[in-house]
Amino acid sequence: MEERKKLIEEQEKKIRERMGRVKHKIAVISGKGGVGKSTVTVNLAMAFALKGYSVGILDADIHGPTIPKMLGLKGRKLQVSESNDIIPVSGPMNIKVISMDFLLQNDEDPVVWRGPLKMAALRQLLAEVEWGELDYLLIDLPPGTGDEPLSIAQLLPEMDGVVVVTIPSEVSESVVKKSVKFAELLRMRVLGIIENMSYLLCPKCGERIEVFNSGAGRKIAESFGIPLLGQIPLDPKVSREADSGVPFIIDFNSAASKAFGEIVSKIEKALN
Ligand SMILES: Nc1ncnc2c1ncn2[C@@H]1O[C@H](COP(=O)(O)OP(=O)(O)OP(=O)(O)O)[C@@H](O)[C@H]1O
Ligand SMILES: [Mg+2]
């Protein structure tokens, strides 16, 4: 028992040292699955990298890691340096990525870990990964208020905060409230809300079509007194490109790409 306690203390010390070289740490959360957290994470990462920042992504979705696929990094493996540090996989724009996916032998292998084991795995990973100097570390989390967000909040005490991703519908509204409250409970600052799949732009005439009950993001933001960071349109290109490993932000003229540029500017301002 003593030994285990010592190991944990050592790992936590290492984490503090390593994280001391990461300027900003932001987690991307949502109450519900499938609202676009991972899509938002990779595109935010790209938007920061395009501004010249050094960026890392921690894919903390242990059961359903999707970041490697979205960045065209499927099948890559983590390397270990001579000094026994774990080296992140380097993606587009030099974005450094750590994901459970790089450790799995087989795509179909389910990860059957319980809470304490997940915490231990994340702790060890964070203790051993050599990110180097980073301006921004983005953390993609699984949906809801489970073990991973809790672990991350405990392991990275100096987080800048979370961004909450939502889609504009009533059900989504109540789950977003839950995740905002969850963040507050963990004493994490909510940097703002991103409303994804906010509207559809008609590809023929450019008209803005509100597919869902729009404005939910704004309503929640107002009721909690937190900023609405941006509204990202539903764009078929987004999912097509995510599937092929090219973040859509690369298409500079798209409304989605512009929305991400604005979100990043707002985050920069909030943190400086
Ligand atoms: N703005 C958008 N326009 C079109 N498709 C989108 C948009 N945002 C996300 N998608 C698509 O919706 C699906 C779900 O997105 P994503 O995987 O990012 O969600 P998630 O919240 O990370 O899901 P999970 O909860 O499973 O981790 C993906 O196929 C993605 O390509
Ligand atoms: Mg995801």
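Structure shown above.
These numbers come from a predicted model, not from an experiment.

Caption draft 1: Expanded view of the overall build of the protein. A count of helices and strands for the protein gives nine helices and 12 strands. In terms of C-alpha radius of gyration, the protein reaches 18 Å, essentially the compact-globule figure of 19 Å for 272 residues. Reported as C-alpha extents along the three principal axes, the dimensions of the protein are approximately 65 × 40 × 35 Å. The long-range fraction of contacts in the protein, counting pairs at least 24 apart against all pairs at least 6 apart in sequence, stands at 78%. When the 35 positive and 36 negative side-chain charges of the protein are each reduced to one mean point, those points stand 3 Å apart.

Caption draft 2: Just the site of ligand 1, in detail. For ligand 1, the set of nearby residues contains 19 residues, the closest of which are Gly34, Lys37, Ser38, Thr39 and Pro233. At 2.7 Å, a side-chain N or O of Lys37 approaches an oxygen atom of ligand 1. Protein chains bury 78% of the 630 Å² of accessible surface belonging to ligand 1 in isolation. Secondary structure elements with two or more residues in the shell around ligand 1: α2 (37–50) and α8 (236–244). Its residues placed into classes, the shell around ligand 1 shows nine nonpolar, seven polar and three charged.

Caption draft 3: Geometry of the packing of helix α4 (residues 115–128) against helix α5 (residues 147–155). Across the interface, α4 lies against α5 with an axial gap of 10 Å and an inter-helix angle of 45 degrees. When the interaxial angle is binned, α4 and α5 end up oblique. Relative to α5, the crossing made by α4 is right-handed. Judged by residue contacts, Gly115, Lys118, Met119, Leu122, Arg123 and Leu126 of α4 engage Asp147, Glu148, Ser151, Ile152, Gln154 and Leu155 from α5. Partitioning the contact of α4 with α5 into residue classes produces five nonpolar, three polar and four charged.

Caption draft 4: Structural detail: a nonpolar patch on the surface. Together, Ile209, Val211, Phe212 and Leu234 make up a nonpolar patch on the protein surface, roughly 280 Å² of accessible area in all. With respect to the secondary-structure elements, Leu234 resides in the loop between β12 (228–231) and α8.

Caption draft 5: Region of interest: the pairing of strand β8 (residues 161–166). Most of β8 sits inside the fold, with six of its six residues counted as buried. The side-chain alternation of β8 yields two buried faces, one formed by Gly161, Val163 and Val165 and the other by Val162, Val164 and Thr166. Of the pairings in the sheet, the one linking strand β1 (residues 22–29) to β8 comprises four bridges and is parallel in character. In the strand pairing of β8, Val28 is matched with Val163. Direction of pairing for β8 relative to strand β9 (residues 190–195): parallel, over a ladder of five bridges. Bridging across to β9, Thr166 finds its partner in Glu195. In this fold, β8 hands off to helix α6 (residues 170–185), which returns the chain to β9; that crossover is right-handed.

Basis of the calculations
Residues numbered from 1 in each chain as written. Chains lettered and ligands numbered in written order. Predicted model: local features only at pLDDT ≥ 70, side-chain atom pairs only at ≥ 80, totals over all residues. Heavy atoms only, no water. Helix = DSSP H or I, 4+ residues; strand = E, 2+ residues; numbered from the N terminus. Rg over C-alpha atoms; globule rule 2.2 N^0.38 Å. Contact = heavy atoms within 4.5 Å. Lys, Arg positive; Asp, Glu negative; His and termini not counted. Charge placed at Lys NZ, Arg CZ, Asp CG, Glu CD. Near = heavy atom within 4 Å. Polar contact = N/O pair within 3.5 Å; in protein donor to acceptor, adjacent residues only side chain to side chain. Areas by Shrake-Rupley, 256 points an atom, 1.4 Å probe, with all protein chains shown as cover. Nonpolar A, V, L, I, M, F, W, Y, C, P; charged D, E, K, R; others polar. Axes fitted to C-alpha atoms, helices over the stretch in contact; angles between N-to-C directions. Parallel < 35°, antiparallel > 145°, perpendicular 65-115°, else oblique. Left-handed = near helix turned anticlockwise from the far one by under 90°. Patch = residues over 30% accessible without salt bridge, like charges linked within 9 Å, V, L, I, M, F, W, Y side chains within 5 Å. Salt bridge = Lys/Arg side-chain N within 4 Å of Asp/Glu carboxyl O. Buried < 20%, exposed > 50% of the residue type's maximum accessible area, 1.4 Å probe, protein only. Pairing = 2+ DSSP bridges. Right-handed = clockwise from strand over helix to strand, strands pointing away.

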